[in-house]
Amino acid sequence: MGDSQAWTAAPAAAERARSVLAAAWSCAVTAEGSREELVGAHTVAEDGRVLLDVPEDSALVAAAICAPRGEPAAVLEFADVAPVPVRKRIRARLWLSGWFTSEEGKLAFQPTRVVLRQPSGAVVVDLDEFAAAAPDPLAIAEARLLTHLADCHPDAVERLTRLVDSDSLHGAVRVQPLAVDRHGLTLRIERTRAQADVRLPFHRPADDVAQLTERMHILLAQAAASCPRALQRQRTDGDG
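The shown structure was predicted, so the numbers you read here are calculated from the model rather than taken from an experiment. (Residues numbered from 1 in each chain as written. Predicted model: local features only at pLDDT ≥ 70, side-chain atom pairs only at ≥ 80, totals over all residues. Heavy atoms only, no water.)

Student: Just to check I follow, could you spell out the pairing of strand 1 (residues 26-31) for this structure?
Tutor: Consecutive side chains of a regular strand alternate in pointing toward one face of the sheet and then the other. The pairing of strand 1 with strand 2 (residues 34-39) spans six bridges and is antiparallel. Residue pairing in the sheet places Thr-30 in a bridge with Arg-35 of strand 2. Where strand 1 and strand 5 (residues 73-81) come together, four bridges link them in antiparallel fashion. The residue bridging Ala-28 from the neighbouring strand is Glu-77, located in strand 5. (Pairing = 2+ DSSP bridges. Helix = DSSP H or I, 4+ residues; strand = E, 2+ residues; numbered from the N terminus.)

Written as structure tokens, this is what we have:
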């Protein structure tokens, strides 16, 4: 049991930023005074460059062609939205400032500044670390994993609250899985007028879904050996 409590790491800022970038389906692009919302239009190179597939009549293409040196300054914004319905679903925002160039029929965006804002605050991510980082191995599968946990195994979610300090559960009306990464699972504890997040770390990182399943089974086994909380009564009171 001692070893199970030893791993408390969380994703580094560069890894978290690359995870947001990898999992995002849409982005907002501001360049040369114009702003466009793009859906399903971007891919990410290994070094963190963003490749945009935009229509030929897009103002972004015109900006890239007409700007001096062919490199217009631009800002890309990505939102990390929790896949499970909770209050304040935006878990993080990522801003990339940099330059566009044309590359094989697409607009290639080279970041010169990376800013990640999370509930804990904003941080400027080192460009070399951002370029070298890889997204969390569970980032692409996270939405499917969390919605399955919330929709099909609410009993497991409630059992996991046995691992949460009782003070954190005071007045709770609902608990939902908010996030999962290779280092741990985060639960969102909602009260009548407030919410808080609690992280349950894995005993060691999970590098794929199979390892995640094993880590979750260990957490559930630890929860089964813990004293039950009075969450169900509080949820009933809150819903009534």
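Student: Would you explain the sheet that holds strand 11 (residues 195-201) in this entry?
Tutor: Note: strands within a sheet are paired through backbone hydrogen bonds, in either parallel or antiparallel orientation. The strand order across the open sheet built from three strands is 9-10-11, with neighbouring strands paired in antiparallel fashion. With partners counted over all chains shown, the strands left at the sheet margins are strand 9 (174-181) and strand 11, one partner each. Looking at each pair of strands side by side, their axes are set apart by 25 degrees on average, direction ignored. (Axes fitted to C-alpha atoms, helices over the stretch in contact; angles between N-to-C directions.)

Student: I would appreciate a short explanation of the side chain of Arg-188 in the present structure.
Tutor: Tracing the sequence through the fold places Arg-188 in strand 10 (residues 184-190). Arg-188 sits in the buried class, given a relative accessible area of 7%. Within polar-contact distance, the side chain of Arg-188 engages the backbone oxygen of Arg-87 at 2.5 Å. Here Asp-197 takes part through its side chain, which lies 2.3 Å from a polar atom of the side chain of Arg-188. Dropping the residues within four chain positions of it, Arg-188 is found in contact with Val-86, Arg-87, Lys-88, Arg-174, Val-175, Gln-176, Leu-178, Gln-195, Ala-196 and Asp-197. (Buried < 20%, exposed > 50% of the residue type's maximum accessible area, 1.4 Å probe, protein only. Polar contact = N/O pair within 3.5 Å; in protein donor to acceptor, adjacent residues only side chain to side chain. Contact = heavy atoms within 4.5 Å.)

Student: Would you mind going over the environment of Gly-33 with me for this structure?
Tutor: Assignment of secondary structure puts Gly-33 in the loop between strand 1 and strand 2. The exposed category is assigned to Gly-33, whose relative accessible area is 81%. Linking Gly-33 and Ala-59, residues 26 residues apart in sequence, is a C-alpha distance of 9.7 Å.

Student: What is the right way to read the environment of Gln-222 from this model?
Tutor: Relative to the elements of secondary structure, Gln-222 occurs in helix 6 (residues 209-224). Using a relative accessible area of 9% as the deciding quantity, one classes Gln-222 as buried. Separated by 62 residues in the primary sequence, Gln-222 and Leu-160 have C-alpha atoms spaced 8.5 Å apart.

Student: Looking at this structure, I do not really get unusual backbone geometry. What am I missing?
Tutor: Only a minority of non-glycine residues have a phi that is not negative, and only a minority of peptide bonds are not trans. Despite not being glycine, Lys-88 shows a phi value in the positive range, around 50 degrees. Take Lys-88: it is sitting in the loop between strand 5 and strand 6 (90-103).

Student: Hey, could you run me through the pairing of strand 10 in this one?
Tutor: Most of strand 10 is tucked away, with seven of its seven residues classed as buried. Burial of the side chains of strand 10 extends over both faces: Gly-184, Thr-186, Arg-188 and Glu-190 are buried on one face and Leu-185, Leu-187 and Ile-189 on the other. Inspection of the sheet shows strand 9 paired to strand 10 by seven bridges, in the antiparallel sense. Note that in strand 10 the partner of Ala-179 across the bridge is Thr-186. Hairpin connection, strand 9 to strand 10: the antiparallel pair is bridged by two residues. Direction of pairing for strand 10 relative to strand 11: antiparallel, over a ladder of seven bridges. Note on strand 11: the bridge partner recorded for Leu-185 is Leu-200.

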